[in-house]
Each structure stands twice: as structure tokens, then as C-alpha cells.
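Residues per chain, in single letters:
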Amino acid sequence: MEKIDSQIKKIIFKNLENFIIARCLNDVIIKGTVFEDPDTLTDQNIVFHGEWIKSEKYGNQFVFTSYELKVDYPIFFLTTMVKGITKKAAIEIN
């Protein structure tokens, strides 16, 4: 099993089961299922565990089966769980 330490820059696709296809730094495409609202993971430091596949149509993609958030948990909690708190405000509170 390989790992990628990256950030999601753009969610390309998501469904109701939180399966996502996303573009990370350096144009790496990842796909897999997340537990959080996918939109809250954008610009977060994340370590993805999985394997590379090559799609004839879409090229190289990293399919992750697990992941670890590398975040400051108080800031992550405030920005994702408390409605209306921006990242800047969470940093000031912390």
C-alpha cells in the first residue's frame, strides 16, 4: 500500500455516499470514500493510503482506501461543526 501526503484543491465529483473524485496538489487525481462532508476537506493536509491505477480514459489516479487528516483539530472542529465560523475566525479563537 502506498501513501500520498497532499491537499485537495478541487472536488470534481461527489455523490450522496461521500464517494469523491478530486484534484490534489500537483494535479494528482484521487478517488475514494470520505467520512466528512467532502467540501470541508478542501485545502486540508491529508495523508491518503491506497494504490495507483491507470485508466485508459482518465490517466493515472490514486484510489485511496483510508486517510488521515493532518489538521489542527480545534480549528478543524470550529470551521466544520460550528456554523458561520470562518477559518480566520477559528485561528483567532484558538
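This write-up is about the structure you can find in this document. (Residues numbered from 1 in each chain as written. Predicted model: local features only at pLDDT ≥ 70, side-chain atom pairs only at ≥ 80, totals over all residues. Heavy atoms only, no water.)

## So, the sheet that holds strand E4 (residues 45-55)
Sheet strands pair by backbone hydrogen bonding; their relative direction is either parallel or antiparallel. Just so we agree on the cut-off: At least two DSSP bridges between two strands are required for those strands to pair. Helix and strand assignments come from DSSP, with helices taken as H or I runs of at least 4 residues and strands as E runs of at least 2, each series counted from the N terminus. Note on geometry: axes are C-alpha line fits, over the in-contact stretch for helices, and angles between N-to-C directions span 0 to 180 degrees.
Strand order around the closed barrel formed by five strands is E1-E2-E3-E5-E4, with mixed pairing between neighbours. Between one strand axis and the next, the sheet turns through 50° on average, direction left out of account. For strand E1 (residues 2-14) and strand E2 (residues 19-24), the ladder comprises five bridges, and the chain directions are antiparallel. Each bridged residue has a counterpart across the sheet, and for Ile-11 the counterpart in E2 is Ala-22.

## Quick look at the side chain of Ser-55
Note the threshold: Polar contacts, as counted here, are pairs of nitrogen or oxygen atoms within 3.5 Å of one another; within protein the pair requires one atom able to donate a hydrogen and one able to accept it, and residues that are adjacent in sequence qualify only if both atoms are side-chain atoms.
Position of Ser-55 relative to the elements: it lies in strand E4. Looking at Ser-55, its side chain comes within polar contact range of the main-chain nitrogen of Tyr-58, at 3.0 Å.

## Describing the packing of aromatic side chains
Just so we agree on the cut-off: Centres within 6.5 Å make a pair out of two Phe, Tyr or Trp rings, where for Trp the six-membered ring is used; the pair is then stacked when the planes are under 30 degrees apart, edge-to-face when over 60, and tilted otherwise.
Under the defined criterion, the tally for this structure stands at six aromatic pairs. When the ring of Trp-52 is compared with that of Phe-62, the centres are 5.3 Å apart and the planes differ by 70°; the resulting orientation is edge-to-face. With Trp-52 in strand E4 and Phe-62 in strand E5 (residues 59-69), this residue pair connects regions lying 10 residues apart in the sequence. Taken together, the aromatic side chains of Phe-35, Phe-48, Phe-64 and Tyr-67 make up a single cluster linked through ring pairs.

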